[in-house]
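Structure assessment
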Amino acid sequence: MRQRSDDLLEKALITCSEAQKLANKKEQPEFWADVERLRSDLLETLAFRNNNPKNAQAGLDAARRASDALSRSTDTPVVVRIKRSIAAALVRKGELEKSVDDLNEAKEILETLIGQNSPEDDELDDSQNSLVICLRWLGVFSTDVSHFIKAEKISLDLIGKSGDTIPFNTAITKWNLADLLLARFEVDPDPAHLDKAEDHATQAREVFLEGSDYQTDRADKLLAKIAEARAAA
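Report follows, based on the coordinates. (Residues numbered from 1 in each chain as written. Predicted model: local features only at pLDDT ≥ 70, side-chain atom pairs only at ≥ 80, totals over all residues. Heavy atoms only, no water.)

**What about the nonpolar core?**
Note the following rule: Note on terminology: a nonpolar core comprises buried Ala, Val, Leu, Ile, Met, Phe, Trp, Tyr and Cys residues joined through side-chain atoms within 4.5 Å. Exposure categories follow from relative accessible area, calculated using a 1.4 Å probe and restricted to protein chains: below 20% of the type maximum is buried, above 50% is exposed, and the middle band is partly exposed. Runs of H or I in DSSP of at least four residues are treated as helices and runs of E of at least two as strands, each being numbered from the N terminus. The contact criterion used throughout is that any non-hydrogen atoms of two residues lie within 4.5 Å.
Counting residues in each nonpolar core, the largest one holds 46 residues, and the members touching the most others are Ile82, Cys134, Leu222 and Ile226. Take this core: its biggest share by element is 9 residues, from helix α8 (residues 167–187). If near-sequence neighbours (up to four positions away) are discounted, Ile226 is found in contact with Leu182, Leu194, Ala197, Glu198 and Ala201. Counting residues in hydrophobic clusters, the runner-up holds 7 residues, among them Leu9, Cys16, Leu43 and Leu46.

**Some thoughts on helix α7 (residues 145–162)**
Where we set the bar: Expected span, for any helix, means 1.5 Å times one less than how many residues it has. This arc is built from the directions going out from the helix axis to the C-beta atoms.
The terminal C-alpha atoms of α7 lie 26 Å apart, and with 18 residues this matches the ideal 26 Å at 1.5 Å per residue to within 8%. For α7, every residue scored as buried is listed here: His147, Phe148, Ala151, Glu152, Ile154, Ser155, Leu158, Ile159 and Ser162. An end-on view of α7 places all buried positions within 165° of arc, on one side of the element. Within α7, the exposed residues directed more than 90 degrees away from the buried face are Lys153 and Gly160. Looking one or two residues beyond α7, the residue adopting positive phi is Gly163, at roughly 50°.

**A short note on the environment of Gln116**
Tracing the backbone through its elements, the reader meets Gln116 in helix α5 (residues 100–116). Separated by 35 residues in the primary sequence, Gln116 and Ala151 place their C-alpha atoms 19 Å from one another.

**Things to note about the packing of aromatic side chains**
Quick note on the threshold: For this analysis, a ring pair means two rings from Phe, Tyr or Trp (six-membered ring only for Trp) whose centres lie within 6.5 Å, classed as stacked if their planes differ by under 30 degrees, edge-to-face if by over 60, and tilted for the remaining angles. A ring has a charge above it when a Lys NZ or an Arg CZ is no more than 6 Å from the ring centre and no more than 35 degrees off the ring normal.
Applying the stated criterion across every chain, the model contains 2 aromatic pairs. Considering the side-chain rings of Trp137 and Phe141, the 5.5 Å spacing of their centres and the 25° angle between planes classify their relative orientation as stacked. Taken together, the residues Trp137 and Phe141, both in helix α6 (residues 122–142) and 4 residues apart, mark about one turn of the helix. On the accessibility criterion, Trp137 (16% relative accessible area) is buried. Above the ring of Tyr214, the side-chain terminus of Arg49 is found at 4.8 Å from the ring centroid. Above the face of the Trp175 ring, Arg218 is positioned so that its terminal group lies 3.8 Å from the ring centre.

**Some details on the side chain of Arg218**
As a reminder of what qualifies: Here Asp and Glu are counted as negative and Lys and Arg as positive; His is not counted, and neither are the chain ends. Salt bridges are defined by distance alone: a side-chain nitrogen of Lys or Arg within 4 Å of a carboxyl oxygen of Asp or Glu. Pairs of N or O atoms are called polar contacts if they sit within 3.5 Å, as long as, within protein, a hydrogen donor faces a hydrogen acceptor (for residues adjacent in sequence, only side-chain-to-side-chain pairs).
Structurally, Arg218 is set in helix α10 (residues 213–232). The side chain of Arg218 is buried and forms no salt bridge, while Asp179, the nearest opposite charge, is found at 6.6 Å. In this structure the side chain of Arg218 is engaged in a polar contact, spanning 3.1 Å, whose partner is the side chain of Gln215.

**Structural notes on the side chain of Ser127**
Note on placement: Ser127 falls in helix α6. A distance of 3.1 Å separates a polar atom in the side chain of Ser127 from a polar atom in the side chain of Arg84. Excluding anything up to four places from it in sequence, Ser127 contacts Arg84, Leu110, Leu113, Ile114 and Asn117.

**Let's talk about the packing of helix α2 (residues 29–50) against helix α4 (residues 77–97)**
Inclusion rule: Think of each axis as a best-fit line through the C-alpha atoms, taken over the contacting stretch in the case of a helix, with angles from 0 to 180 degrees between the N-to-C directions. The cut-offs work like this: below 35 degrees is roughly parallel, past 145 is roughly antiparallel, 65 to 115 is roughly perpendicular, and the gaps in between are oblique. If you view the pair so one helix is near and one far, a crossing is left-handed when the near helix is turned anticlockwise from the far one by less than a right angle, and right-handed when it is turned clockwise.
In contact at an axis separation of 9 Å, α2 and α4 are set at 25° when each is read in the N-to-C sense. Classified by the interaxial angle, the pair formed by α2 and α4 is roughly parallel. Here α2 runs over α4; the crossing is left-handed. For the pair formed by α2 and α4, the contact residues are Glu30, Ala33, Asp34, Arg37, Ser40, Asp41, Glu44, Ala47 and Phe48 on the first element and Val78, Arg81, Ile82, Ser85, Ala88, Ala89, Arg92 and Leu96 on the second.

**Quick look at the pattern of salt bridges**
For the coordinates displayed, the defined rule picks out 22 salt bridges. Glu36 is the salt-bridge partner of Arg65, the closest N and O atoms lying 2.7 Å from each other. Note that Arg65 is positioned in helix α3 (residues 53–69) and Glu36 in helix α2, a separation of 29 residues in sequence. Owing to a relative accessible area of 39%, Arg65 belongs among the partly exposed residues under this scheme. Classification of Glu36 as buried rests on a relative accessible area of 2%. Across the pair Arg205 and Asp220 runs a salt bridge whose closest N-O atoms are separated by 2.3 Å. Here Arg205, found in helix α9 (residues 191–208), pairs with Asp220, found in helix α10; they are 15 residues apart in sequence, far enough to count as distant. Overall, Arg205 belongs to the partly exposed group, its relative accessible area being 26%. Looking at Asp220, the relative accessible area reads 33%, which means it is partly exposed.

On their own, these measurements won't tell you what the molecule is for.
In structure tokens, the structure reads:
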């Protein structure tokens, strides 16, 4: 299944290249840049699935090329999407290369985007979820507990906001929160973090069982890690 998904991502990258051949970068800069932004997102997804820092760097390079193509533009929807893609690639690269500098740059971009969004904007949740992941890794690499505390608050706000409206998205947020709490336990070994992590991961798994073998497997692996941490404590 994973190989099939990776093959689909590779085919999507080829489609991006073919689409760009049909566009004139100077005459259709937004179209060209948006396709390059999509290439960045695909590469970031590959980096996530395969833990490959080269894909993360390639994704960041693609997002920056997209940004450079529109360097004189105002914050159109395409420009905002590109900024979010730059942040996502920086987070993935920062995670895989343990680069606090990359994570801090991503944090600055995401906090700016969040400050510019109104509460009704669909993109707000995406930016906040990305910030949670960014703060999680900053907490791990800096051992600064304040990053975990801020990330947990954002996650709980997102869960309270979405509730049962979009259960799969809420489950993803709960999985991220469980992973965050497990990571916090490694820095701040309070058993309460593991209890909360197990609760959130279990709730996420119940949703994943109805529609995603991949996410169910991730939840099972996370619950196993939580159990291992509790046994070793």
